[in-house]
Every structure is written in structure tokens, then in C-alpha cells.
Amino acid sequence: MKFRELGRTGLRVSEIGLGGEWLERHNTEEVKAVIDTCEQEGINILDCWMSEPNVRSNIGHAIKGRRDRWIIQGHIGSVWENGQYVRTRDLKKVIPAFEDLLSRLQTDFIDLGMIHFIDTAEEFDLALNGEFMDYVRKLKRDGVIRHIGMSSHNPEMVKRAVRQGEIEMVLFSVNPAFDMMPPVTDIEEYFAEKYDEKLGGIAPEREELYKLCEQNRVGITVMKGYAGGRLFQAQTSPFGVAMTPVQCLHYALTRPAVASVMVGFDNPQHVYDAVAYETASEEQKDYASVLASAPSHAFSTGQCTYCGHCAPCPSKIDIAMVNKLYDLAVMQDEVPGTVRAHYGQLGANAADCVGCKACESRCPFHVPVAERMQKTKELFGNLGR
């Protein structure tokens, strides 16, 4: 495993990290198996944005006695309310939720205290110009967090964070689909030149973001490096070609300021698939030739990456999981039995959607959730009701 400096934090992080999101779907033993495998393969950084109590406890159990081996990104502003994830700046909710994180992870400090999910100017001003930020500063003064970070999907908010001065690192979504939004009408013209290992073909605002972070020594840890797995199949990739985990990782790790890619793992094999990057040949890493020969190109706005920020749902639908099962189903000529079984076991599903669209206002990728819920209901019927 190779390690990189994370901006000006002074921390050296493994270039492959653990994004804890998918651990939420697993029990104590399964979570421990994934985390043990990560440790064995040299991974030393994990991100826990999830507020769900069980996953926090399971991670804490898995790292017990080995806390010193881990650099933890813990989020401030992610809370568990009425059985669902909620993002908030209300200190009456934020403080108990963060203390719960410390307790369940069985630690008295978090290495990277992440200001959670800032995607709009209004959110930025609310979080960084008031009592919420005062609380974050106090946590740092008291040593409860060692460094201040921020998570965002919006390049403009990251640039604001860099210029703000106190933010030492950011968690940001990076993959070629998100980066290559064509700025011209003629897509064929835009992608006429062969890609190489430089900042060519990237949307200007994202190119500026990477350079600004590099210049100001604000490190980047990456989320959505696989675009929710969408890049692994030609029929779901916006480029019309399949990429490998190694190619996706290499793309993210060749962006300026990027120190680590936080990968979601469902099982130990997924860990091995990612750390294969460390011994991969240049030919195996080569994403440029794949993208240069791709038949089509598009930005992934409107496509679900299963991040979960659409929550909470008034009908208690796990929207990210429903979307994932729908996408898995439509990839096949017939809905696979395992997908039907998983869908049938959901406590609430697309049939319970009331079409309020509150989730759509929270989605960083502008997914038409209500429309997808209707399509899912038509596909699966009243299965599970």
C-alpha cells in the first residue's frame, strides 16, 4: 500500500481508503471481516458519515483495540432521527449525534472532523458563519477533532471552503463521468483528442477546484470514485464503455490534491479488487485509452449513485436501496430472483412513495426520484406488500 500526505494536515493516508456507507447493510461479523481485511491490506483511513446506530457500533467493535491504526473521518451534522438519517445544523441534535459517534466508535477523538454535506451557498453560510462553526472550532481546540474537513459534491462550495482558510481537507465526489461535462455543443469535437494523464477534457470549474486545492494544500479524499458502480458496465456507463475498479481508482488518484479514494466495500473480495491497484501494471491502470475510444460521453447528472442524501423519506423508504435494486433489475432481460427477493424484504418500497419530492430537493445529482419510484412500482408491482 502506498501512502500520501493529506494536504497540510500532516497525516499520511493510504491511497485506497474505506468508505463505510455500504457497511450499513451488514451485521457485526460481516463488518469486522471487511475492516480486518482492510487492515491486512494496509488501508488506514475510513469515513463514517452514517448516523445509523448499528453501523457505528459495528465499526467501533471492529476497530476496538486497534484505534491507533486508523485515521477516521467522522461527520458533524449527520444525525439519526425517527429511524432515518437527517442532515442538520441544529446544535440540539448535532451535539448528541456527534457524541454518539464517539461513543459507538469507542474513541475520544476523531482525526478529521467533517462539516457534513455542504452543497449550496445557503448551507455554507449557515454552517460556517454561526454557532455550528463555533462548535466545530471548540471541538478542535479541545482536541476532540484534530483537523477540520468538509464534505461536498459541489465544486463551487469546495472552492469557497478552500478560500475560507480553516478547512484543511475535503471529501469530494471524483470520477470521469462527473468531471467531463462537455462545455461545448459538439461532443464529438470536444472529445476528439486522445486523453492523457493531464487535466485535459475536465469541466473548467472542476479543473479550477483541483488546482486551487493543490495550491492551498487542501487535501482531497474521494467519494463516488466508482459512480455507484455505474462505470463498471457499458450499458450503465455514460461513456458507453466499461471501466475497471483499477482504472477508476487511477483516474481519481491522478487528480491534483487527491490523497485517498474512499471505496465502499460489501465484502472482503471488494477490498482485494480495490487494492489490486497497488500492483497493477500501467496497462491495467490506463483509463485514457478507454475514454478516448468511448462511443458516447455524458455527465452523470440525473443518475443515482446511491449516496443516501435523499433521506429522510416520510414513508421510510430506503430510496438509495430501491434505486439500486431497480438499476440492477433493468440491466437484465428479466428481473433476477435475488433482486426480487431483496426488494420484497424491504420494510417500505416504491409502492409507498407519496410523490412529495422532498427527496429530490436534497439530491446532489438531481435525480427524478418520484418518477423512478413510479417506474420501480410498475416493474416490481406490490411485491412485499
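Residues numbered from 1 in each chain as written. Predicted model: local features only at pLDDT ≥ 70, side-chain atom pairs only at ≥ 80, totals over all residues. Heavy atoms only, no water.

J.: Give me the lowdown on the pattern of salt bridges, citing residues and values where you can.
T.: Considering all chains together, one arrives at 28 salt bridges under this definition. When the shortest N-O distance is used, the salt bridge between D318 and R25 registers 2.6 Å. Taken together, the positions of D318 in the loop between α13 (288-292) and α14 (319-330) and R25 in the loop between β3 (16-19) and α1 (28-40) put the pair 293 residues apart, joining distant regions of the chain. Accessibility expressed as a relative area gives 29% for D318, which makes it partly exposed. The partly exposed category is assigned to R25, whose relative accessible area is 29%. (Salt bridge = Lys/Arg side-chain N within 4 Å of Asp/Glu carboxyl O. Helix = DSSP H or I, 4+ residues; strand = E, 2+ residues; numbered from the N terminus. Buried < 20%, exposed > 50% of the residue type's maximum accessible area, 1.4 Å probe, protein only.)

J.: Lay out the packing of α1 against helix α11 (residues 268-275) with the relevant residues and their values.
T.: Remark: α1 packs on α11, axes separated minimally by 8 Å, with the N-to-C direction vectors making an angle of 25°. Comparing their axes, α11 and α1 come out roughly parallel. Relative to α11, α1 is oriented so that their crossing is right-handed. Between α1, through A33, V34, T37 and C38, and α11, the contact on the second element is made entirely by P268, V271 and Y272. Among the residues making up the contact of α1 with α11, the classes are represented as 6 nonpolar, 1 polar and no charged. (Axes fitted to C-alpha atoms, helices over the stretch in contact; angles between N-to-C directions. Parallel < 35°, antiparallel > 145°, perpendicular 65-115°, else oblique. Left-handed = near helix turned anticlockwise from the far one by under 90°. Contact = heavy atoms within 4.5 Å. Nonpolar A, V, L, I, M, F, W, Y, C, P; charged D, E, K, R; others polar.)

J.: Explain helix α9 (residues 204-215) residue by residue, including any values.
T.: In a regular helix each residue adds 1.5 Å, so 12 residues correspond to 16 Å; α9 covers 16 Å between its end C-alpha atoms and thus fits that length. Looking one or two places after α9, you find R217, whose phi comes out positive at around 55°. (Expected span 1.5 Å × (residues − 1).)

J.: Tell me about the environment of M373, and please be specific about residues and values.
T.: With respect to the helices and strands, M373 occurs in helix α17 (residues 369-380). Considered as a pair, M373 and A348 are 25 residues apart in the sequence and their alpha carbons are 12 Å apart. When sequence neighbours within four positions are dropped, the list of residues in contact with M373 reads I317, I319, V322, N323, A350 and C353.

J.: Explain the sheet that holds strand β11 (residues 219-223) to me, and be specific about the residues and the numbers.
T.: One closed barrel accounts for 8 strands, arranged β3-β4-β5-β8-β9-β10-β11-β12; its pairing is parallel. Each strand of the sheet is rotated relative to its neighbour by a mean of 30°, with strand direction disregarded. In this sheet, β11 lies alongside strand β10 (residues 169-173) in parallel orientation, the contact comprising 5 bridges. Within β11, the position partnered with S173 by the bridge is M223. (Pairing = 2+ DSSP bridges.)

J.: For the nonpolar core, give the residues involved together with the corresponding values.
T.: With 114 residues, the main nonpolar core has L18, I59, F98, I115, I220 and F265 as its most contacted residues. Not counting residues within four places of it along the chain, the set of residues in contact with F98 comprises H75, I76, I110, Y135, L139, V144 and I145. Among the nonpolar cores identified, the runner-up in size contains 12 residues, and V13, I71, M223 and M262 belong to it. (Core = buried A, V, L, I, M, F, W, Y, C linked by side-chain atoms within 4.5 Å.)

J.: Tell me about unusual backbone geometry, and please be specific about residues and values.
T.: A cis amide bond links A311 with the next residue in sequence, P312, at an omega value of 5°. Residue position: P312 is located in the loop between α13 and α14. Positive phi values are uncommon outside glycine, yet N82 reaches one of about 55°. With respect to the helices and strands, the residue N82 is situated in the loop between β6 (78-81) and β7 (84-87). For N82, a relative accessible area of 62% gives the class exposed. Unusually for a residue other than glycine, Q106 sits at a positive phi of about 60°.

J.: Summarise the environment of T88; cite the residues concerned and give the values.
T.: Tracing the backbone shows T88 in the loop between β7 and α3 (91-105). Classification of T88 as buried rests on a relative accessible area of 13%. Along the primary structure T88 and N154 are separated by 66 residues, whereas in three dimensions their C-alpha atoms are 18 Å apart. Sequence-distant contacts of T88, defined by excluding residues within four places in its chain, comprise G77, V79, K93, V94 and F132.

J.: Can you lay out the environment of V275 for me, pointing to particular residues and giving the numbers?
T.: Structurally, V275 can be placed in helix α11. Residues contacting V275, with those up to four places away along its chain left out, are M1, E41 and I43.

J.: Describe the pairing of strand β9 (residues 145-152), and please don't skip the residues or the numbers.
T.: Burial of β9 is extensive: 7 of the 8 residues sit out of reach of the surface. Summarising the sheet, strand β8 (residues 110-115) and β9 pair through 5 bridges and their orientation is parallel. Looking across to β9, one finds that G113 is bridged to I148. With 4 bridges connecting them, β9 and β10 associate as parallel partners. Pairing of G149 across the sheet is with M169, part of β10.

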